[in-house]
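Given next are the chains, with one letter for each unit.
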Amino acid sequence: MKYVLVTGGVVSGLGKGVTASSIGLLLKACGLRVTSIKIDPYLNTDAGTMSPVEHGEVFVLDDGGEVDLDLGNYERFLDIKLTRDNNITTGKIYQDVIDRERRGDYLGKTVQVVPHITDAIQEWIERVAQIPVDGKSGPADVCVIELGGTIGDIESMPFIEALGQFSYRVGSDNFCLIHVSLVPVLNVVGEQKTKPTQHSVRGLRCLGLTPHLIACRSTTALEENVKTKVSQFCHVQKENIITLYDVSNIWHIPLLLRDQKAHEAIFKVLNLQGLTREPELEEWTSRAEICDMLHEPVRIAMVGKYTRLSDAYLSVIKALVHSSVARGKKLFVDWVPAGDLEDATAKENPDASKAAWKLLKGADGVLVPGGFGDRGVQGKILAAKYAREKRIPFLGICLGMQIAVIEFARSVLGLKDANSTEFDPNTKNPCVIFMPEGSTTHMGATMRLGSRRTYFQSTECKSAKLYGNKRFIDERHRHRYEVNPEMVARLENAGLSFTGKDETGQRMEIVELRNHPYFIGVQFHPEFKSRPGKPSALFTGLIAAACGQLDVFLQGSESKRNIPNGPANDMSQRHIPYGASNDMPQRNIPNGASNHMFQAACGQLESFFQGSETKRNVPNGAATYQNGAATKLANRPQDGAYSIFNGMHL
């Protein structure tokens, strides 16, 4: 087993997760099997009880693990399925060591950070690295390990010591360290400064680790004299100084690594020269370039509670990007704080209320993501009502599905006090109730978590068609409340269809509104399984409906399913060709031609032309809104992230 360790210095938020994912993708493109491990030095056992405002979204795995959002990056880039043990935390390690001590495994010895904690870390890494995550038997060839936080953090010291020991344990030919650091440009001076990187590497070396490659984050490519300076002061060969500058979208990062021969430098360290091929990234390159060329807009209003932190909905945004690119549309996300839609805000802050409603009414589609707590719930209900009555495409996820049911019960059934027992334990008309198996005393890992099976009740509903008319699907869940099965009959008689249920038939998984262009709510989280080349079926349906192309899209899917030896009948698993064939030129394609070529390659040319006729007229100077503030779409500034896509990290 070969190991590649990615560390970070100077500041947090440099994009270590994207860098680690890109390195893994590059190695995979060279023919290697790759797995990933994320180390988080915090004391929490997992990310399940952490606030999205502090930590970003909680990513959920097939096995129910609630983990760091970077594991979502690994899964999306590498198209793999990780386990909960692929996320190591200080809490997990200390819990493991304490459990061993209580069992008497240490035979009366004094339990210490060294060697007991550091040994436990190394043993955990070696064990998890052997778990196959790509659907094949046997261990991977390379394990990419990302150490969270910044070099010098107190909480990461045991991991630094353990990884230093680990490098000797596995041997120099099996361990490669890549350090991600910042090379800032001071506006006053106007030159790239290397001193922060020098200090960061010096600190790393003092802790017993020496980097083999340095990935320098900067706004622009490193100048040659700057590379020479970093090489000289950090004792790293100049060809091993990689520059990762800001790009139009993060799909370009693996291409930057490839173009600078990062894979060759890694192979030299790991003694893999001559055992691999040149990276095959034609499809990935085509997708990255096509994403830059898109100009036909589609606007989605994201009505949520945590709209001030985009990472709180990271997988949702990425799923929207995957689907919009697959449909040949340029995505614009309008962030609508749910609380600003409520009547109380209209009285207390009329300007914020008007801005929020303007965004909602100007959107082509409405998405209400998952969440917890009652803040902003009434605003989400109003958003669902607006989408239902105005026939705007709507997708509700988890809580978004539950509020759609509550709104329908209030407006259509006339049950004015209909509610969830999460928000009103004493409601006389509980549409949503606490699940019987849930815990009322403990928060961590007590929800219905992980991959669960949903059975379609009809093949004629939109959701079944989007999934390729399969009898059942497996999607990931994270919830402790569910639709009250005792109210299902009344709701269905009034026109709300529960088209997907669990194996017992008592737990509602998918709800659709009859005679609506696109109104779907799901109890699961489809965003967690969306991939760049395999967009989520339900997100693709939302984008298609928002563009007025849903019927044509569904017809195209049906015709494709009838082709012998064609792709699988599951849209979420179908491989979509993004570019032209390998013998066609991929670069320097005029914008107009590229969009037509892309649509034809996806088998969507007719849909594209129809959408062009029916799409909304959005002027070139149209404004987008971030939390109520208007900004121009064009010439958005970079903010130090790898890329900005309508103000969002891709």
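Scroll up to find the structure.
Read on for an overview of the structure. (Residues numbered from 1 in each chain as written. Predicted model: local features only at pLDDT ≥ 70, side-chain atom pairs only at ≥ 80, totals over all residues. Heavy atoms only, no water.)

## As for the overall build of the chain
Convention followed: A run of H or I in DSSP becomes a helix once it reaches four residues, and a run of E becomes a strand once it reaches two; helices and strands are each numbered from the N terminus. Per-residue accessibility, obtained with a 1.4 Å probe over protein chains only, is compared with the maximum for each type, and a residue is labelled buried under 20%, exposed over 50%, and partly exposed between these values. Contact definition: two residues touch when any of their heavy atoms are within 4.5 Å. Computed with a 1.4 Å probe, the accessible areas rest on the Shrake-Rupley method; for each residue, only the protein chains presented here act as cover.
Looking only at helices and strands, the chain features 22 helices and 23 strands. Counting the 650 residues in the chain, one finds 59% classified as buried. Of the contacts made within the chain by residues no fewer than 6 positions apart, 73% connect residues no fewer than 24 positions apart. Within the structure as shown, the chain displays about 26100 Å² of accessible surface, and the carbon and sulfur contribution to it stands at 50%.

## With respect to the pairing of strand 13 (residues 394-397)
The following threshold applies: Two strands are counted as paired when DSSP detects at least two bridges linking them. A right-handed crossover is one whose linking path, passing over the helix from the first strand to the second, runs clockwise when the strands point away from the viewer.
Of the two faces of strand 13, the one lined by Phe 394 and Gly 396 and the one lined by Leu 395 and Ile 397 are each fully buried. Sheet topology places strand 12 (residues 365-368) next to strand 13; 3 bridges connect them, and they run parallel. Paired with Leu 367 across the strands is Leu 395, a residue of strand 13. Once the chain exits strand 12 it traverses helix 15 (residues 377-389) before rejoining the sheet at strand 13, and the crossover so formed is right-handed.

## Here's the deal with the packing of aromatic side chains
For any two aromatic rings, the description comes down to two numbers: the centre-to-centre distance and the angle of the planes. How we decide: Pairing of aromatic side chains requires ring centres within 6.5 Å, counting the rings of Phe and Tyr and the six-membered ring of Trp. Pairs whose planes differ by under 30 degrees are stacked, by over 60 edge-to-face, and all others tilted.
Enumeration according to the criterion identifies 11 aromatic pairs in this entry. When the ring of Phe 456 is compared with that of Tyr 467, the centres are 5.9 Å apart and the planes differ by 45°; the resulting orientation is tilted. Residue Phe 456 is found in strand 16 (residues 448-456), and its partner Tyr 467 is found in the loop between helix 17 (462-466) and strand 17 (472-479); the two are separated by 11 residues along the sequence. Judged by its relative accessible area of 1%, Tyr 467 falls in the buried class. Through a chain of ring-to-ring contacts, the aromatic side chains of Phe 77, Trp 251 and Trp 284 assemble into a single cluster.

## Brief notes about the sheet that holds strand 5 (residues 87-89)
Strand pairing in a sheet relies on backbone hydrogen bonds. The paired strands run either parallel or antiparallel. So the rule is basically this: For helices, the axis comes from a line fit to the C-alpha atoms of the stretch in contact; other axes are also lines fit to C-alpha atoms, and the angle between any two N-to-C directions lies between 0 and 180 degrees.
Here we have 7 strands laid out as an open sheet, ordered 5-2-6-1-7-8-9, and parallel in their pairing. Each of the sheet's edge strands pairs with one partner strand only, and the pair in question is strand 5 and strand 9 (241-245). Averaged over all adjacent pairs, the angle separating strand axes in this sheet is 20°, with direction ignored. Note that strand 7 (residues 175-182) and strand 8 (residues 213-218) share 5 bridges and pair parallel. Across the sheet, the residue bridging to Val 180 is Ala 215, located in strand 8. The strands that helix 8 (residues 224-234) touches are strand 8 and strand 9; relative to strand 9, the one it contacts most, it runs at about 130°.

## Quick look at a nonpolar patch on the surface
As a reminder of what qualifies: Patch definition: residues with relative accessible area over 30% and no salt bridge; like charges joined within 9 Å; nonpolar side chains (Val, Leu, Ile, Met, Phe, Trp, Tyr) joined within 5 Å. Any Lys or Arg side-chain nitrogen located within 4 Å of an Asp or Glu carboxyl oxygen qualifies as a salt bridge.
A cluster of nonpolar side chains, namely Tyr 94, Ile 98, Val 113 and Val 114, defines an oily patch on the protein surface of about 310 Å² accessible area. When residues of the nonpolar patch are traced back to their parent elements, those giving at least two are helix 4 (90-103) and helix 5 (113-129). The residue Val 113 is located in helix 5 in this model. Using a relative accessible area of 37% as the deciding quantity, one classes Val 113 as partly exposed.

## Regarding the nonpolar core
Definition in use: The criterion is simple. A nonpolar core is a set of buried Ala, Val, Leu, Ile, Met, Phe, Trp, Tyr and Cys residues joined through side-chain atoms within 4.5 Å. Note that domain bounds follow an automatic or database assignment of domains.
Residues Val 4, Leu 320 and Leu 367 are the most contacted members of the largest nonpolar core, which totals 96 residues. Considering every element that reaches this core, the biggest residue donor is helix 19 (residues 537-546), with 8 residues. Split by domain, the residues of this core number at least three in each of domain 1 (2-289) and domain 2 (294-558). With near-sequence residues (within four places) excluded, Leu 320 lies in contact with Ile 300, Met 302, Leu 331, Val 333, Leu 367, Phe 539, Leu 542 and Ile 543.

## Focus on the side chain of Lys 92
Along the chain, Lys 92 falls in helix 4. Discounting residues that sit within four places of it in the chain, Lys 92 has contacts with Thr 45, Arg 84, Asn 87 and Trp 124.

## Focus: the side chain of His 55
With respect to the helices, strands and loops of the structure, His 55 is situated in helix 2 (residues 52-55). With relative accessibility at 17%, the residue His 55 sits in the buried group. Sequence-distant contacts of His 55, that is, excluding residues within four places in its chain, are made with Tyr 42, Ala 47, Met 50, Asp 68 and Leu 69.

## Notes on the state of the cysteines
As used here, a disulfide is simply a covalent bond connecting the sulfur atoms of two cysteines. Under the convention used in this document: Put simply, a disulfide is two cysteine sulfurs that come within 2.5 Å.
Across all of its chains, the model carries 0 disulfides by this definition. The thiol of Cys 216 is not disulfide-bonded; the next cysteine sulfur, from Cys 234, is found 7.7 Å away.

## Quick notes on the sheet that holds strand 18 (residues 481-483)
Strands sit in the order 14-15-18 across an open sheet of 3 strands; the sheet is mixed. Strands with a single pairing partner mark the edges of an open sheet, and in this sheet they are strand 14 (419-420) and strand 18. As defined by bridge partners, strand 14 adjoins strand 15 (residues 430-434) across 2 bridges and the pair is classed as parallel. Bridge pairing links Ser 420 to Val 432 in strand 15.

## Brief notes about unusual backbone geometry
The phi angle of most residues is negative, glycine excepted, and most peptide bonds adopt the trans form. Here the amide bond leading from Val 114 into Pro 115 is cis, since omega sits at 15°, within 30 degrees of zero. Tracing the backbone through its elements, the reader meets Pro 115 in helix 5. One non-glycine residue, Asp 79, lies in positive phi territory at about 55°. The backbone of His 235 shows a phi angle near 60°, a positive value even though the residue is not glycine. Mapped onto the secondary structure, His 235 falls in the loop between helix 8 and strand 9. Exposure remark for His 235: the relative accessible area of 56% places this residue in the exposed category.

## Notes on the pattern of salt bridges
One pass over the structure, following the stated rule, counts 31 salt bridges. Of the charged contacts, one joins Lys 38 and Asp 40 as a salt bridge, the two residues approaching to 3.1 Å between their closest N and O atoms. Each of the two residues, Lys 38 as well as Asp 40, counts as buried. Put simply, Glu 280 and Arg 277 hold a salt bridge, and the shortest N to O gap is 3.3 Å. Here Arg 277 falls in the partly exposed class, since its relative accessible area comes to 40%. Salt bridges sharing partners connect three or more residues here, namely Asp 62, Glu 75, Asp 79, Lys 81, Arg 476, Arg 531 and Lys 534.

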